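# Architecture at a glance
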Amino acid sequence: MIRRRLARPRGRHRDGVPPGSVPHYTWDHEARTEAAILQITWPGWAVLYGTGSRLFHAIATWPTPEPLLLCDRTVEGLKAQMREAEMTALTGIDHP
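In what follows, the accompanying structure is described. Source: prediction; values computed, not measured.

Reading the values: rules and limits
- Residues numbered from 1 in each chain as written.
- Predicted model: local features only at pLDDT ≥ 70, side-chain atom pairs only at ≥ 80, totals over all residues.
- Heavy atoms only, no water.
- Core = buried A, V, L, I, M, F, W, Y, C linked by side-chain atoms within 4.5 Å.
- Buried < 20%, exposed > 50% of the residue type's maximum accessible area, 1.4 Å probe, protein only.
- Helix = DSSP H or I, 4+ residues; strand = E, 2+ residues; numbered from the N terminus.
- Pairing = 2+ DSSP bridges.
- Salt bridge = Lys/Arg side-chain N within 4 Å of Asp/Glu carboxyl O.
- Expected span 1.5 Å × (residues − 1).
- Arc of directions from axis to C-beta.
- Contact = heavy atoms within 4.5 Å.

What follows covers the nonpolar core. Of all hydrophobic cores here, the largest spans 15 residues; its most connected members are Trp-45, Val-47, Leu-78 and Met-82. Of all elements in the fold, only helix H1 (29-41), strand E1 (45-50), strand E2 (55-60) and helix H2 (75-91) reach the threshold of two or more residues within this core. In terms of residues, this core owes the most to one element, H2, which gives four residues.

Glancing now at the pairing of strand E3 (residues 69-72). Residue alternation in E3 divides its side chains into a buried set, Leu-70 and Asp-72, and an unburied set, Leu-69 and Cys-71. Pairing between E2 and E3: four bridges, direction antiparallel. Each bridged residue has a counterpart across the sheet, and for Ile-59 the counterpart in E3 is Leu-69.

In total, this model carries one salt bridge according to the counting rule given. Here Asp-28 and Arg-54 are joined by a salt bridge, their closest N and O atoms 3.7 Å apart. Placement of Asp-28 in the segment before H1 and of Arg-54 in the loop between E1 and E2 is noted, with a sequence separation of 26 residues between them. Taking the relative accessible area as the measure of exposure, Asp-28 reaches 22% and is therefore partly exposed. The class of Arg-54 is partly exposed, set by a relative accessible area of 48%.

Spanning 13 residues, H1 covers 19 Å between terminal C-alpha atoms, matching the ideal 18 Å at 1.5 Å per step. Buried within H1 we find Ala-31, Ala-35 and Leu-38. Taken down its axis, H1 places every buried residue within 60° of arc, on the same side. Looking at H1, the residues exposed on the side facing more than 90 degrees away from the buried face are Glu-30, Ile-37, Ile-40 and Thr-41. Among the structural elements, E1, E2 and H2 are those in contact with the buried residues of H1.

In structure tokens, the structure reads:
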């Protein structure tokens, strides 16, 4: 005969014990702040910072034929890509 052990509660929450507090962490404070500032200063874009990917992402919020998503490791690089995308949208010509 096979006997099964009764399942014991695991983790922080056990019967009869009040739940423990879990610390709240915010990752990459500076990068997230830079993305928020960029979001405010460039109104035609939704700007995010991915804590997992460690990339800045910009999504165009104006009508485009295809979704426009830009990514870069630095704010300066993302700004350059955003500028280029706006120039291309305004003139219809790719700028180097």
